[in-house]
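# Secondary and tertiary structure notes
Residue strings, one per chain:
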Amino acid sequence: AEANSTNGALRRKDYDNLTDKASELQAHLECLDDELAVFDMPLSDAREYLVDKTEADKAKAASVDEEIAGVDAEIEQLLSVRDRLLHDIGSVELQINVQPEEMDRFI
């Protein structure tokens, strides 16, 4: 019974993976259809379509660039926090290693 359950789960996972792949391929096919449609358009319409598509692609690229810049800023902030924590840990380790007769210096 357990083998059948595992087998069924694997088949379901395979089915889900194939369904996801089919969806990706369908979306790609639709994009290709849009690209091929340019060849059936009058030249002025094709030019307008390509200009619009280029502008949309530039806007998408700018959005991605902004997102990357935001992530970079977050990484820098996290690295700063990490460095501050490492410094604090070093200070605590130094205080732990101080001999009792030297403690007066730190108080």
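A separate point is the overall build of the protein chain. The helix and strand tally for the protein chain stands at 3 helices and 0 strands. Along the protein chain, from the amino end to the carboxyl end, the secondary structure elements read α-α-α. Of the roughly 9,600 Å² of accessible surface on the protein chain, a fraction of 58% belongs to carbon and sulfur atoms.

Moving on, we get to a nonpolar patch on the surface. A surface patch of nonpolar side chains, amounting to about 340 Å² of accessible area, comprises Val 81, Leu 85, Leu 86 and Ile 89. Tracing the sequence through the fold places Ile 89 in helix H2 (residues 43-96). The exposure class assigned to Ile 89 is partly exposed, which follows from its relative accessible area of 44%.

Turning our eyes to something else, we now look at the confidence of the model for the protein chain. For the protein chain, the average pLDDT comes to 85, and 86% of its residues sit at 70 or higher. When the elements of the protein chain are averaged for pLDDT, helix H3 (residues 103-106) gives the smallest value, 61, and H2 the largest, 91.

Within the structure shown, the criterion is met by 5 salt bridges. One salt bridge connects Asp 16 with Arg 12, and the closest N-O pair in it is separated by 3.4 Å. Here Arg 12 and Asp 16 lie together in helix H1 (residues 2-37), a separation of 4 residues that amounts to about one turn. Linking Lys 53 and Glu 35 is a salt bridge whose minimum nitrogen-to-oxygen distance equals 3.5 Å. Remark: Glu 35 occurs in helix H1 and Lys 53 occurs in helix H2; sequence separation between them is 18 residues. For Glu 35, a relative accessible area of 32% translates into the label partly exposed. Among the ionic contacts, a cluster of salt bridges with common partners joins Glu 35, Lys 53 and Asp 57.

Criteria and cut-off values
Residues numbered from 1 in each chain as written. Predicted model: local features only at pLDDT ≥ 70, side-chain atom pairs only at ≥ 80, totals over all residues. Heavy atoms only, no water. Helix = DSSP H or I, 4+ residues; strand = E, 2+ residues; numbered from the N terminus. Areas by Shrake-Rupley, 256 points an atom, 1.4 Å probe, with all protein chains shown as cover. Patch = residues over 30% accessible without salt bridge, like charges linked within 9 Å, V, L, I, M, F, W, Y side chains within 5 Å. Salt bridge = Lys/Arg side-chain N within 4 Å of Asp/Glu carboxyl O. Buried < 20%, exposed > 50% of the residue type's maximum accessible area, 1.4 Å probe, protein only. pLDDT = per-residue confidence, 0-100.

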